[in-house]
Each structure stands twice: as structure tokens, then as C-alpha cells.
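Chains, contacts and geometry: an overview
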Amino acid sequence: MTPQLEPYFKQVDGLADHFIERLRQAVAIPSVSAEDERRPDVVKMGHFLHEELKKLGVETELRPLGKQPHKEHLDLPPIVLGRYGNDKNKRTILVYGHYDVQPANKEDGWNTEPFELSIDDKGRMFGRGSTDDKGPVLGWLNAIEAHQKAGLDFPVNLLMCFEGMEEHGSEGLDDFIMEEAQKYFKTADAVCISDNYWLGTEKPCLTYGLRGVQYYSLEVSGPGQDLHSGVFGGTAHEPMTDLAKIMSSLVDVDGTIKIKGIAEQVAPVTDEEKGLYKDIAFTMDNLYESLGSKTGIFPDKERTLMGRWRYPSLSLHGIEGAYSAPGAKTVIPAKVIGKFSIRTVPNLDIDEVNKCVEEHVNAEFAKLNSKNTCKVFCQHAGKWWVASPKHWNFTAAAKAVESVFKVKPDLTREGGSIPVTLTFEQATGKNVLLLPMGSSTDAAHSTNEKLDRYNYIEGIKLLGSYLHYVAEEPMNN
Ligand SMILES: C[C@H](N)C(=O)N[C@@H](Cc1c[nH]cn1)C(=O)O
Ligand SMILES: [Zn+2]
Ligand SMILES: [Zn+2]
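Residues numbered from 1 in each chain as written. Chains lettered and ligands numbered in written order. Predicted model: local features only at pLDDT ≥ 70, side-chain atom pairs only at ≥ 80, totals over all residues.

1. Remarks on the site of ligand 1
The immediate surroundings of ligand 1 are formed by 13 residues, with Glu167, Asp195, Val213, Gly416 and Ser417 found nearest. Listing elements by their share of the shell around ligand 1, those giving two or more residues are helix 4 (130–150) and strand 11 (212–221). The class makeup of the residues in the shell around ligand 1 is four nonpolar, four polar and five charged. (Near = placed C-beta within 6 Å. Helix = DSSP H or I, 4+ residues; strand = E, 2+ residues; numbered from the N terminus. Nonpolar A, V, L, I, M, F, W, Y, C, P; charged D, E, K, R; others polar.)

Next comes the structure, spelled out in C-alpha cells:
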């Protein structure tokens, strides 16, 4: 182990409560990017990060992104940029993360207040954004602080880019990255993103692939206003009935996508790929533990991992305008908007997928002979990403995992999406590594999201250790 790591690890342990307090403050800011009325809180979270970076002596700026497209009354939250060190003899690592979170309400089924960090006797730290992605973002700040307090030289120059719209399609960020690739990000030698999860709860992983995501709204409207179902039921075409029919035509109960033209675009499984799955430390019990049930589709790990990583999936998320409160309101909603998304994989093309979806929805709606109106549109789209893990960036991260966890990491792909990963790769021309902090049981996006104290504190060690091994990798590649 490189000699500076021992005092660094000790310092992280000594500062653990302080780092948890920093996470508590961050979770307390309900920075939900999908809800317009929460936008001031998203901006507040950006300012919180900016202030924390300033306190650590990081050169930092808030960059405005202008107005939100199609919602001109809303400012996009700023990008928080940071530069720590500018030594020509050191490598420069660009790190990205997001400070916005998914929506959360106690009534959704949370056991604790979602925007109050609540720690139980097993060290589980519950709170929206704890694992996705406030814990990992603060991990970078904490790594800087632990070096300072241990009196250690920081091993690399660190560039930071934190955004506030990731959970809502990273609006505005692609153009920003392209624009800054040869300016603010010019000196980056490689990129690291900590915004995904281990496959289980024991073994860390390094991730080299992500699925893409295309998110759709399917709007059906008819009556001029909501109607009394006793008075009008049986006399008018009901938008909700049409919508339910179309939504059920999209996907089968075994996950098969029923839209023509999508399966045909999926890259075939090669013999080399088939061999990869058996060595991955993942069991069906890992799946059941993170599902909280035994409702997996496939009986074996290979097909389950393929279903998550290398095949597309279509999920139905909800219906805007539908009656969803407890009780029994006898209303016919006048307009309903179904929400669904498709996770995409090589070689699906964004425009082709949109075309297939539109054709399918139009054909299904035509079959209904309804006098209602039906429209479908893609709210946001991000492409899939698969890279080579044969790079010093991954080698350094693998050594860091061994130094902290005493095991070799698995090389994994991820079912979720971080669309700007591909943008960073293409804009900078540099290798991108995904280095997760949280575990499979963290329930990101769900009720009772948490980050284990263990993963947070050891994760801070991991991020710092990775930077030390980056500094040790030969300079000629
Ligand atoms: C993997 C990452 N932490 C994440 O949760 N990404 C989101 C991105 C997204 C796209 N539309 C809305 N959110 C995801 O995979 O859902
Ligand atoms: Zn997320
Ligand atoms: Zn995330």
C-alpha cells in the first residue's frame, strides 16, 4: 500500500462524524429537480456545495445554464465547478456528480422524513439523495478535507463538475460540456463518476457500461372537464380507459417489449460476452435482498444480469391526472398522461426508438376507434454507453478497491443511466470510469433510500485512494 494512505485512512475515520454531519445538511435541502416548485431548493443545494468548496480552499464558480427549455419561467440550476490544485507535474482528474434528487414524500411509504438524515442501529443512513448522489459528491469534498487535516499533499489536480438536473434529463449540460471541453476541462487526463451502485452488499465494482434512457409522456384527452361517472359513465369515451389499453400494449408481464422494431436493433450476445457473467459475484439472493421480495423474472443470475445490463427494458411509471388518493372518488378524468421509459442498449438509436414508439402508439390508438385525442412525446433521451476498462484509470481504481476492501473488484455494467458519461467521453476524448460508493440495497429512487455508514466512510477512503493510485500510474499512457 502506498505510504500516504495509512494516515489518510486514519484521518477519514477520525472525521467520520463530521462527514456525516455534512451529509445531514445536504439531505436537508430538498433539491428535487422534477418538481418546478422545488427549483429554489435545487439552486440552494448548488450554493451549499459552492460554499463548502470555498471553505476547503477550492477555486470554485457557479455557472448559470439559462432558462429551462419549454419552461421559460424557470432558471436551470447552476453548474458548480471546482478546481483543486494546478500542478503541471500532476495528473488531472475530472469528477462529475449531481446534487439534485428524485421526488420524495413521507406518504409514499417512507418510515422516516425523507429530507432528514436518520441513522439506525445498523448504521443505515436513510434520506433522499443519501446514495444518489449527495453521499458520493460529498465524498470528493471529504477526501480533500481529510488530506488537508492529515497534512498530506493532494496527489492529483482535481476538477469538479456538479449539476442539478441529472434526474430530469441533465438539461443544458451536454452543450456546457462541449463548450468547456477545451477550456475548463482541457487539462483533464481522465474522468471519474461516482453515481451508481455495487451489485451486492459485500463486493465493490468498477463500471464500464450504462443503459441509455428515453422517457415518454402519453397524453389522452377528450371531455372538456372531469366528469361524474354516474352521469356520464357509459356515454362518453373515457381517456383513462384508452390510456390503460395503450399502456398495457407496450410491455408484457415477463418484461418483453411489445413495440415492433426495438428487439431487432439489439446487438447479439457474443461467445466472449457469455463467458463474462459466470465470474461476477452476484447471486439470486442478492437480487431478492435488493428487491425486498422473490419476484425476479428469471431463475438464474446470467439471464438476470443480462436483463439489467444488455437488454432493453420498458417500465410504466405512473399516470398524471388520474385519481390516486386513498378513498373512492367517482370521477372520470378528462385528461391523463401516462409516463413510461425505455432503457436502451447497444445498438439502439434514439431517433429509431422514438419512431417505433410513435408508430406503435398510433396503431394501438387507431384500433380503439375512440373519439378522444392521443399524443405521445419523448421528454428526454440519453444514449447508452459502453467503454473499455483496459486503461490506467481502471487499473488505479482496482488497486484502490484492494487497498480499502482487500478484494479485487468486479467489472460491471449498470442498468441505470447517466447520459452525460458519453458526452464527457466524446467531448474530452478521455477515459471515463464509474466508481460506485453505495450498495445494491440502497433503494435509490425508491422509498427509504439510504447509504450505509460503512459505504460512505470506506467510500471516502476509496475515492482518495483512487487518486493516489492515479498519481502512481506511469505518465506515458
Ligand atoms: C444511475 C444514476 N444514479 C441515476 O439514477 N440516473 C437516472 C437518470 C435519469 C434519467 N431520467 C431520469 N433520471 C436513472 O437512471 O433513472
Ligand atoms: Zn438517480
Ligand atoms: Zn444519480
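The structure having been displayed, the exposition proceeds.
2. Looking at the pairing of strand 5 (residues 92–98)
Most of strand 5 sits out of view: seven of its seven residues are buried. Side chains Thr92, Leu94, Tyr96 and His98 of strand 5 all project onto a buried face; the interleaved residues Ile93, Val95 and Gly97 project onto the opposite face, where all are buried too. Taken together, the seven bridges between strand 5 and strand 8 (residues 157–163) define a ladder with parallel strand orientation. In the sheet register, Leu94 faces strand 8, and the bridge partner there is Leu159. Bridge count between strand 5 and strand 9 (residues 190–193): four bridges; the pairing is parallel. Bridge pairing in strand 9 links Tyr96 to Ile193. (Buried ≥ 20, exposed ≤ 12 C-beta atoms within 10 Å, placed from the backbone. Pairing = 2+ DSSP bridges.)

3. Looking at the sheet that holds strand 6 (residues 118–119)
Spatially, three strands are ordered 6-7-20 in an open sheet, and the strand pairing comes out antiparallel. Pairing within the sheet leaves two strands with one partner each, and these edge strands are strand 6 and strand 20 (450–452). Judged from the two bridges that link them, strand 6 and strand 7 (residues 124–126) form a sheet pairing that is antiparallel. When the sheet's bridge partners are listed, Ile119 is paired in strand 7 with Met125.

4. Overview of the UniProt feature "site: Important for catalytic activity" (unreviewed entry) in the chain
Taking the UniProt record as the reference, the feature "site: Important for catalytic activity" (unreviewed entry) is found at His228. Along the chain, His228 turns up in strand 12 (residues 227–228). Judged by the 10 C-beta atoms lying within 10 Å of it, His228 is exposed. (UniProt positions renumbered as here; feature names shortened; annotations may be inferred.)

5. Things to note about the domain arrangement of the chain
Domain parsing of the chain yields domain 1 (5–210 + 384–472) and domain 2 (212–266 + 311–382). Relative placement of domain 1 and domain 2: their C-alpha centres are 34 Å apart. Taken together, the contact between domain 1 and domain 2 spans six residues of the former and 10 residues of the latter. (Domains from an automatic or database assignment. Contact = placed C-beta atoms within 7 Å.)

6. Focus on the pairing of strand 9
Of the two faces of strand 9, the one carrying Ala190 and Cys192 and the one carrying Val191 and Ile193 are both buried. Inspection of the sheet shows strand 9 paired to strand 19 (residues 432–434) by three bridges, in the parallel sense. Considered in strand 19, the bridge of Cys192 is made with Leu433.

7. Considering unusual backbone geometry
Here the residue pair Asp132 and Asp133 is connected by a cis peptide bond, since its omega of 10° sits within 30 degrees of zero. Topologically, Asp133 is positioned in helix 4. Backbone torsion omega between Pro346 and Asn347 reads 0°, so that peptide bond is classified as cis. Tracing the chain through its elements places Asn347 in the loop between strand 15 (335–344) and helix 11 (350–368). One non-glycine residue, His70, adopts positive backbone phi at about 70°. In this fold, His70 is placed in the loop between strand 2 (67–68) and strand 3 (71–75). For His70, a count of 8 C-beta atoms within 10 Å translates into the label exposed. Here the phi dihedral of Asn448 falls at roughly 60°; this positive angle occurs in a residue that is not glycine. Tracing the chain through its elements places Asn448 in the loop between strand 19 and strand 20.

8. Section: the UniProt feature "binding site: Mn(2+) 2" (unreviewed entry) in the chain
Here, UniProt's "binding site: Mn(2+) 2" (unreviewed entry) annotation points to His98, Asp132 and Asp195. The annotated residues occupy 98 residues of the chain but converge on a single region, no pair of C-alpha atoms lying more than 8.1 Å apart. By the element assignment, Asp132 lies in helix 4. Apart from residues no more than four positions distant in its own chain, Asp132 is found in contact with Val101, Ala444, His445 and Glu449. In this fold, Asp195 is placed in the loop between strand 9 and strand 10 (205–210).

9. Some words on the sheet that holds strand 11
With antiparallel pairing, the four strands of this open sheet are ordered in space as 13-15-11-16. The sheet terminates laterally at strand 13 (313–320) and strand 16 (373–382), the two strands that pair on one side only. Shown here is a sheet whose adjacent strand axes are inclined to one another by a mean of 20°, direction ignored. Bridging between strand 11 and strand 15 involves 10 bridges; their strand directions are antiparallel. What sits directly across from Glu219, in strand 15, is Ile337. Sheet strands in contact with helix 11 are strand 11, strand 15 and strand 16, and its direction is about 160° off that of strand 16. (Axes fitted to C-alpha atoms, helices over the stretch in contact; angles between N-to-C directions.)

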